[in-house]
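Architecture and fold: a report
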Amino acid sequence: QVQVVESGGGLVQAGGSLNLSCVVSGSTISIGWYRQVPGKERELIALILNNGRANYPESMKERFTISRANANTVYLRAKTVKPEDTDVYYCKAKAYWTSHWGQGTQVTVSS
């Protein structure tokens, strides 16, 4: 059984930083952060394996950092956010057979 809970979303000023947390219960082989705007395709931001190795799409690597705080908590950090970063951010935990999505956390960036 795997449960995924995101937190840390809310209102963020443009130019400020973002720090999201994903707490996962259960055994996983990887954890990823995604984001989605209504009507758009959910896109991968970063993925981290149990061994700590992180993978990013090229466009995301410049702006986001994924890391493990402990055995069951993964952070997503952005150094500088922009208004276009306003999205629902989701955490996905991949188990051996299945993937488990969190409910998402809303991030709104204002100027």
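Refer to the structure above for everything that follows.
First, a word on what this report is: a plain description of the structure on this page. (Residues numbered from 1 in each chain as written. Predicted model: local features only at pLDDT ≥ 70, side-chain atom pairs only at ≥ 80, totals over all residues. Heavy atoms only, no water.)

Going through the model one piece at a time under the given rule, you end up with four salt bridges. Between R35 and D87 there is a salt bridge, and its shortest N-O distance comes to 3.5 Å. Pair noted here: R35 is in strand β4 (residues 30-36) and D87 is in strand β9 (residues 87-94), with a separation of 52 residues, a long-range link. On the accessibility criterion, R35 (10% relative accessible area) is buried. For D87, a relative accessible area of 5% puts it in the buried group. Its salt-bridge partner being R63, residue D85 comes within 2.4 Å of it at the nearest N-O pair. In this pair, D85 is assigned in the loop between β8 (73-78) and β9 and R63 in the loop between α1 (58-61) and β7 (64-70), connecting sequence segments 22 residues apart. Salt bridges sharing partners connect three or more residues here, namely R35, E43, R63, D85 and D87. (Salt bridge = Lys/Arg side-chain N within 4 Å of Asp/Glu carboxyl O. Helix = DSSP H or I, 4+ residues; strand = E, 2+ residues; numbered from the N terminus. Buried < 20%, exposed > 50% of the residue type's maximum accessible area, 1.4 Å probe, protein only.)

Right, let's talk about the state of the cysteines for a bit. All told, the structure shown has one disulfide when counted by the stated rule. Two residues share a disulfide in this structure: C22 and C91, whose sulfurs sit 1.9 Å from each other. The chirality of the disulfide connecting C22 with C91 is left-handed, given an S-S dihedral of about -80°. Here C91 lies in strand β9 and C22 lies in strand β3 (residues 18-25), a separation of 69 residues in the sequence. Note on C91: relative accessible area 0%, which makes it buried. (Disulfide = S-S within 2.5 Å.)

Moving on to the side chain of R63. Residue R63 is classed as buried on the basis of its relative accessible area, which comes to 19%. Residues in contact with R63, not counting those within four places in the same chain, are R35, R77, A78, K79, T80, V81, K82 and D85. (Contact = heavy atoms within 4.5 Å.)

With that settled, consider the sheet that holds β7. Across the sheet, four strands lie side by side as β1-β3-β8-β7; this open sheet has antiparallel pairing. Edge positions in the sheet fall to β1 (3-7) and β7, since each has one partner strand and no second. The average angle at which neighbouring strand axes cross in this sheet is 20°, direction not considered. As judged from the six bridges shared by β7 and β8, these two strands associate in the antiparallel manner. Within β8, the residue paired with F64 across the bridge is A78. (Pairing = 2+ DSSP bridges. Axes fitted to C-alpha atoms, helices over the stretch in contact; angles between N-to-C directions.)

Along the chain, K92 falls in strand β9. The charged side chain of K92 is buried without a salt bridge, its nearest counter-charge being E41 at 11 Å. Among the polar contacts made by the side chain of K92, one reaches the side chain of Y34 at a distance of 3.2 Å. Apart from the residues lying within four places of it in its own chain, the contact partners of K92 are S30, I31, G32, Y34, S99, H100 and W101. (Lys, Arg positive; Asp, Glu negative; His and termini not counted. Polar contact = N/O pair within 3.5 Å; in protein donor to acceptor, adjacent residues only side chain to side chain.)

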